[in-house]
Amino acid sequence: MLRSSSTAPSTKQKYERVDNTNDDEEEEPSKKKPIINKAQNMETMSRLLKMAQPERYLMIMSAVTMTFSSAVSLAVPKFSGRIIDISIHQKDEQDDDDPSAFRLLMILLGIMTISGVAGFFRILWQAQAGHRMVARLRRKLYVGILSQDAEYFDSMKQGDIISRLSSDADLVQSAVTDQVLGLLRNMVMSIGAVAMLFHTSISLALISVAILPPIAICARFVGRRMRDRQKRVRELHASATSLAEQALTCIRTVQQFVAESHEAQQYHQAVNEAHAEGINNAKLRALFGSTMQLILNLAVLCVLGYGGVQVQKGELTPGDLAGFVMYSVMMGAAVSGISSQYIDLMKAVAAASRVFEIIDREPAIPSPNLDIVENETLENILPTTGNKDGIIVKQDGIEMMERGDLSKSHGQPKRDMVPMSVDFKDVSFAYPTRKESLILKGLNLSISPGQVVALVGGSGAGKSTITSLLTRLYDPQDGSVTIGGQSLTEMEPQEIRQKVGIVVQEPLLFPTTIEDNIRYGSPHATNEEVREAARLAYVLEFADKFPDGLQTLVGPRGTQLSGGQKQRVAVARCILKNPPIVVFDEATSALDAVSEAEVQKAIDIACQGRTVILVAHRLSTIRNAGSIAVLRDGEVAEMGSFDTLMKTDGAFRQLMEKQLVQ
Ligand SMILES: Nc1ncnc2c1ncn2[C@@H]1O[C@H](COP(=O)(O)OP(=O)(O)OP(=O)(O)O)[C@@H](O)[C@H]1O
């Protein structure tokens, strides 16, 4: 597994605490103090360093060239001072041809050129290391996101997740590519400059270094605030992105309800909030930068005043004073560089903590093992149902079912799989985001292998919830769900999801071709198998009329296909997957009679030889079911054949009379 389970819960709690710092300080005085502590920062930084380990050689080479160019920079004031003194001396002596000043200039030029070349490689290696590391972090984060359970996605905003993948990862990248080595460089420069200051004049040096404490205090004070504000800005941007994403996802509804201005206004408001917070942050940064500059200038003035007196007394040469001033400026710039880099580093640490928050989160329901994502294509890591030859495929040690050879099926897919029983025993369940409202209350439902059961009940009775539990998107709080006699909690989710196929009322298609959509989840299926599944699900009936056939693009979310066509594609996808249990979740309820009949034909094919749960409102759909389970008040109130239930004056008959469309 990707995450270490032993440390995860504590880390998770820790990051949950980190998250609290996001809250608006003004709104919640109790949360005014940032909860991120030093230890957490150190932990995040050491994790980033660990992640950068594979790039250590690039980083070391970069650090060596950086040290070299810093040494050159430190030599410049000394050389400059010497050149000034030699020039003054030459003028006094009326000896304009003394070559030593010129020679010094040439040496300086040579060293600077080498330093420039070294600088080129430093920046290149540093950037390479940063990009590689952050690409790895992004991949890890994406795997972390994909590994999360339904509970997580129920409670998170998509925009927030996306912003962690994009802007937070960018911030981390800039920390690795610029901040870390920049910080190191400035440290070397400030130590070197301070040493040179004391070497030149101790009394003057004491004046110069007097600026360090105020800079350090400022940096500490401002750094903390900036880090927290930056986190808030990122969150506000994430919610703005979320709003835009929601509107774009439902763009047809937005247009149909003429809600463009409402959506635009909401987005404006969110962007304005983020903008205002960003400006506050910038003000703080500007205040910090200008204060630093002022302190620096004051120090230079003091040095010039006191240094001038020393030159007059003959205690210092003019060249020494010039060199000293340059070292002072260098030190000031390096120290203020350290402080602003520290601020940026803190921003990156905050961003990294948001990234690690997801990576560390242990989903309540174990995720498929996606460790092999490094250097692998997604196709290789998605679960497969079989291979071209129909042999048994092992993934993560789990034996997958053999796929029937659809191409030799002569109208019906060859069923190598054995239908499985489904049992819900005393199942009680509430959604994690609404723990207080129990949807299922001790529900019992037994379906034998190969049986076709229609699940009926009023709206919100929990029919779809049952299908979610069957694919282990959630675990029940009480009771057990078993397939083939095995409890779902003892099975890997990918094993369960291979055994249960679902066709929902409004299937979501990927914006690619019909063929790719059918193949989704069965990447190793042959073209013949895909075509055969398309034929069995009556997809070819419409696809062959398109100029591009199965290669026709379906548009975003499948919008270029009709509802019935989308469902047939979903049925074909399910047939290709060849699971022993299938669930049709109100698969025909949104269709007109003609489309329904076509989809029904496809469903009938897909049902054969399988255990089937039909979640249906339509009488025509449930009439064919061998058995009907009626859901009421979180339980199966009645179960029996259509005729038996209609004869009884019970829940089913009442439901038929009240709700069902004939
Ligand atoms: N992800 C979720 N988080 C929280 N509550 C949910 C979630 N999904 C469904 N619910 C709630 O659970 C209850 C049962 O929903 P479910 O979708 O199972 O009903 P249903 O019987 O399929 O209804 P319908 O026939 O209208 O589709 C509803 O009250 C619904 O609001």
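Named according to an unreviewed UniProt entry, the chain is ATP-dependent transporter ycf16 originating from Cylindrotheca closterium. Taken directly from UniProt, the Subcellular location (unreviewed entry) text for the chain runs: "Membrane".

Participant: Please explain the overall build of the chain as it appears in this structure.
Facilitator: Summing up its helical and strand segments, the chain has 22 helices and twelve strands in all. Taking all 662 residues of the chain together, the buried fraction comes to 38%. Across the chain, contacts joining residues at least 24 apart in sequence account for 78% of those joining residues at least 6 apart.

Participant: It is not clear to me how the domain arrangement of the chain should be interpreted in this structure. Could you clarify?
Facilitator: Accessible area lost during the coming together of the parts is what is often quoted as the interface size. Domain boundaries assigned for the chain yield domain 1 (8–27 + 39–360) and domain 2 (450–462 + 497–658). If you average the C-alpha positions of domain 1 and of domain 2, the two centres end up 56 Å apart.

Participant: For this particular structure, what's the right way to read the environment of Gly337?
Facilitator: For Gly337, the position within the fold is in helix H11 (residues 318–360). The partly exposed category is assigned to Gly337, around which 18 C-beta atoms lie within 10 Å. Between the C-alpha atom of Gly337 and that of Gln53, which follows or precedes it by 284 residues, the distance is 25 Å. In this structure, Gly337 is in contact with Gly182 and Asn186, ignoring residues within four places of it in sequence.

Participant: Got a minute to help me understand the UniProt feature "transmembrane region" (unreviewed entry) in the chain in this structure?
Facilitator: Per the UniProt entry, the sites bearing "transmembrane region" (unreviewed entry) are residues 57–76, 101–125, 180–198, 204–222, 286–309 and 321–338 in this numbering. The annotated region residues 57–76 carries 100% helix and 0% strand content, and the separation between its end C-alpha atoms amounts to 29 Å. Taken end to end, residues 180–198 is 100% helix and 0% strand, and its first and last C-alpha atoms sit 27 Å apart.

Participant: Is there a simple way to explain the site of the ligand in this structure?
Facilitator: In the vicinity of the ligand there are 13 residues, among which Tyr431, Ser459, Lys463, Ser464 and Thr465 approach most closely. It is helix H13 (residues 463–470) that provides the largest number of residues to the shell around the ligand, a total of three residues. Considered class by class, the residues forming the shell around the ligand number three nonpolar, seven polar and three charged.

Participant: Could you clarify how one ought to interpret the sheet that holds strand S8 (residues 500–503) in this entry?
Facilitator: Backbone hydrogen bonds are what pair the strands of a sheet, in a parallel or an antiparallel way. Pairing in this open sheet of six strands is mixed, and the strands run S8-S9-S10-S5-S11-S12 from one edge to the other. Looking at which strands have only one partner, the edges of the open sheet turn out to be S8 and strand S12 (635–640). The sheet shows a mean angle of 20 degrees between the axes of neighbouring strands, direction not considered. For strand S9 (residues 581–585) and strand S10 (residues 611–615), the ladder comprises five bridges, and the chain directions are parallel. Along S10, the bridge assignment pairs Phe584 with Leu614. This element, helix H22 (residues 651–658), spans strand S5 (452–457), strand S11 (627–632) and S12 of the sheet and lies at about 80 degrees to S11.

Participant: Just to check I follow, could you spell out the environment of Asp604 for this structure?
Facilitator: Assignment of secondary structure puts Asp604 in helix H19 (residues 593–607). Taking the C-alpha atoms as reference points, Asp604 and Pro54, 550 residues apart in sequence, are found 55 Å from one another.

Participant: Even after reading the chapter, I still don't get the environment of Thr291, so can you show me in this structure?
Facilitator: One can find Thr291 in helix H10 (residues 260–312). A residue is classified by how many C-beta atoms lie within 10 Å of it, and Thr291, with 15 of them, is partly exposed. It is 21 Å that separates the C-alpha atoms of Thr291 and Val194, two residues lying 97 residues apart in sequence.

Participant: What's the story with the pairing of S9 in this structure? I'm lost.
Facilitator: Two faces, one strand: in a regular strand the side chains alternate between the faces of the sheet. Across the five residues that make up S9, a large majority, five, are buried. Of the two faces of S9, the one carrying Ile581, Val583 and Asp585 and the one carrying Val582 and Phe584 are both buried. Judged from the four bridges that link them, S8 and S9 form a sheet pairing that is parallel. When the bridges of S9 are listed, Ile502 appears paired with Val583.

Participant: Looking at this model, I keep getting lost on the packing of helix H4 (residues 100–146) against H11. Mind explaining?
Facilitator: Angle between the axes and distance between the axes: these two values describe a pair of packed helices. Where H4 meets H11, the axes come as close as 8 Å, and the angle between the chain directions of the two elements is 45 degrees. As the angle between them shows, H4 and H11 are arranged oblique. In this structure, the crossing between H4 and H11 has a hand that is left-handed. Note on element contacts: H11 touches H4 through Val355, Ile358 and Ile359, opposite Leu137, Lys140, Leu141, Gly144 and Ile145. A class-by-class count of the residues in the contact of H4 with H11 yields six nonpolar, one polar and one charged.

Participant: Explain the sheet that holds strand S3 (residues 422–430) to me, please; I cannot follow it from the model alone.
Facilitator: Overall, antiparallel pairing links the four strands, which are arranged S4-S3-S6-S7 in an open sheet. The open sheet has two free edges, formed respectively by strand S4 (438–447) and strand S7 (486–487), since each of these has just one partner strand. Summarising the sheet, S3 and S4 pair through six bridges and their orientation is antiparallel. Opposite Ala430, over in S4, you have Leu438 as the bridge partner. Running at roughly 115 degrees to S3, H13 makes contact with S3, S4 and strand S6 (478–483) of the sheet.

Participant: Looking at this model, I keep getting lost on the nonpolar core. Mind explaining?
Facilitator: A general trend in soluble globular proteins is that nonpolar side chains are found buried together. Core analysis: the largest hydrophobic core is formed by 72 residues, its most contacted members being Leu455, Val456, Ala537, Val571, Ala572 and Leu614. Among the elements that line this core, the one with the most residues is helix H18 (residues 563–577), at seven residues. Among all residues touching Ala537, those that are not within four sequence positions of it are Arg568, Val571, Ala572, Ile575, Ala602, Ile605 and Ala606. Ranked by size, the runner-up nonpolar core spans 55 residues in total, among them Leu48, Ala129, Ala169 and Ile215.

Participant: Just to check I follow, could you spell out the confidence of the model for the chain for this structure?
Facilitator: Do not read the predicted coordinates in detail wherever pLDDT is low. Looking at the chain as a whole, the pLDDT averages 77, with 83% of positions reaching at least 70. This stretch, residues 1–35, has a pLDDT under 50; its non-local contacts, to residues over four places away or in other chains, come to 47 contacts. Counting interchain partners and residues more than four positions distant, the pLDDT-below-50 stretch residues 372–415 has 78 contacts. Among the prediction metrics, the complex's ipTM stands at 0.97, with pTM recorded as 0.70.

Participant: How should the packing of helix H6 (residues 158–200) against helix H8 (residues 212–249) be read in this particular structure?
Facilitator: Relative orientation of the contacting elements H6 and H8 amounts to 125 degrees, with a least axis distance of 8 Å. As judged from the angle between their axes, H6 and H8 are oblique. H6 and H8 meet at a crossing whose hand is right-handed. Across the interface between the two elements, Gln158, Gly159, Asp160, Ile162, Ser163, Ser167 and Asp168 from H6 touch Arg234, His237, Ala238, Ser239, Thr241, Ser242 and Glu245 from H8. Here the residues of the contact of H6 with H8 sort into two nonpolar, eight polar and four charged.

The rules behind the values
- Residues numbered from 1 in each chain as written.
- Predicted model: local features only at pLDDT ≥ 70, side-chain atom pairs only at ≥ 80, totals over all residues.
- UniProt positions renumbered as here; feature names shortened; annotations may be inferred.
- Helix = DSSP H or I, 4+ residues; strand = E, 2+ residues; numbered from the N terminus.
- Buried ≥ 20, exposed ≤ 12 C-beta atoms within 10 Å, placed from the backbone.
- Contact = placed C-beta atoms within 7 Å.
- Domains from an automatic or database assignment.
- Near = placed C-beta within 6 Å.
- Nonpolar A, V, L, I, M, F, W, Y, C, P; charged D, E, K, R; others polar.
- Pairing = 2+ DSSP bridges.
- Axes fitted to C-alpha atoms, helices over the stretch in contact; angles between N-to-C directions.
- Parallel < 35°, antiparallel > 145°, perpendicular 65-115°, else oblique.
- Left-handed = near helix turned anticlockwise from the far one by under 90°.
- Core = buried A, V, L, I, M, F, W, Y, C linked by C-beta atoms within 7 Å.
- pLDDT = per-residue confidence, 0-100.

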